[in-house]
Amino acid sequence: FVDLGVEKQFTENLFALLYLDYYLNPTGDNYSGYGVDASLTLMGINAGAAYKKEINEKIKWFVRAGILIAIAKASVTFLGYSTSESSSDFGIFGGGGIEYLLNEKLALVAGAAINLVFSDGTGTWFKLFAGINYKLK
């Protein structure tokens, strides 16, 4: 998956956040050996807040939570017949982790998150993540 987003600081510890997470074939299923070309993609549009607290001058811990819109698209081709289906549903997310400051503008980030999507049934996915935060200002 790929996460890409922005944060806006409002107080010393409180941030608003908006990010997209994109999952290419999140189930890992592959049916090409059976003559079936199938794909599933999932994208989340997430808006929420993060609370960050310094442990020391280099390390901060954070928690975040908010709402999301999950957009799923599945397509299948078999024996020359193709079909696709897409849906979008609302949900919530939460998570936490740590930031390790490399310099004034650059930090390494690692954490875990869970997303709950409310549709006909509840969909849940859990992710471990690591990446980079870069301050524009």
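Residues numbered from 1 in each chain as written. Predicted model: local features only at pLDDT ≥ 70, side-chain atom pairs only at ≥ 80, totals over all residues. Heavy atoms only, no water.

### Side note on the sheet that holds strand β3 (residues 36-54)
For the record, the criterion: Strand pairing requires that DSSP identify at least two bridges connecting the strands. By definition, any uninterrupted DSSP run of H or I lasting at least four residues is a helix, any uninterrupted run of E lasting at least two residues is a strand, and each is numbered from the N terminus. To obtain an axis, a line is fitted to C-alpha atoms, over the contacting stretch when the element is a helix, and the angle between two such axes runs from 0 to 180 degrees between their N-to-C directions.
Pairing is antiparallel across the open sheet formed by seven strands, whose spatial order is β1-β2-β3-β4-β5-β6-β7. Edge positions in the sheet fall to β1 (2-9) and β7 (122-134), since each of these pairs with one other strand and no more. Taken over all neighbouring pairs, the strand axes of this sheet differ in orientation by 20° on average, direction set aside. Bridging between β1 and strand β2 (residues 14-24) involves eight bridges; their strand directions are antiparallel. Bridged to Val2 within β2 is Tyr22.

### So, the environment of Phe78
By the element assignment, Phe78 lies in strand β4 (residues 59-78). When the C-alpha positions of Phe78 and Tyr100 are compared, they lie 48 Å apart, and in sequence the two are 22 residues distant.

### A word on the nonpolar core
How we decide: As used in this record, nonpolar core signifies buried Ala, Val, Leu, Ile, Met, Phe, Trp, Tyr and Cys residues forming a set joined through side-chain atoms within 4.5 Å. Type-normalised accessible area, obtained with a 1.4 Å probe on protein chains alone, sets the label of each residue: buried when under 20%, exposed when over 50%, and partly exposed for intermediate values.
The biggest cluster of nonpolar side chains holds 11 residues, and these are Phe15, Leu17, Tyr19, Tyr23, Leu42, Ala50, Leu68, Ala70, Phe93, Val117 and Trp125. Elements with a minimum of two residues in this core: β2, β3 and β4. When residues in this core are grouped by element, the largest group, four residues, is from β2.

### Quick look at the packing of aromatic side chains
Threshold: Only the six-membered ring of Trp is used, alongside the rings of Phe and Tyr, when aromatic pairs are assigned; centres must lie within 6.5 Å, and planes under 30 degrees apart are stacked while those over 60 apart are edge-to-face, with the rest tilted. By definition, being over a ring means that NZ of Lys or CZ of Arg is both within 6 Å of the ring centre and within 35 degrees of the ring normal.
Inspection of every chain in the model, using the stated rule, returns two aromatic pairs. Aromatic side chains Tyr19 and Phe93 sit 5.7 Å apart centroid to centroid with 75° between the ring planes, which places their arrangement in the edge-to-face category. Highlighted residues: Tyr19 in strand β2 and Phe93 in strand β5 (residues 81-101), separated in sequence by 74 residues. With a centroid separation of 5.9 Å and 50° between ring planes, the pair formed by Tyr51 and Trp61 is classed as tilted. Note that Tyr51 is positioned in strand β3 and Trp61 in strand β4, a separation of 10 residues in sequence. In this structure Trp61 comes out as partly exposed when scored by relative accessible area, which is 34%. The ring of Phe15 carries Lys52 above its face, with NZ or CZ at 4.4 Å from the centroid.

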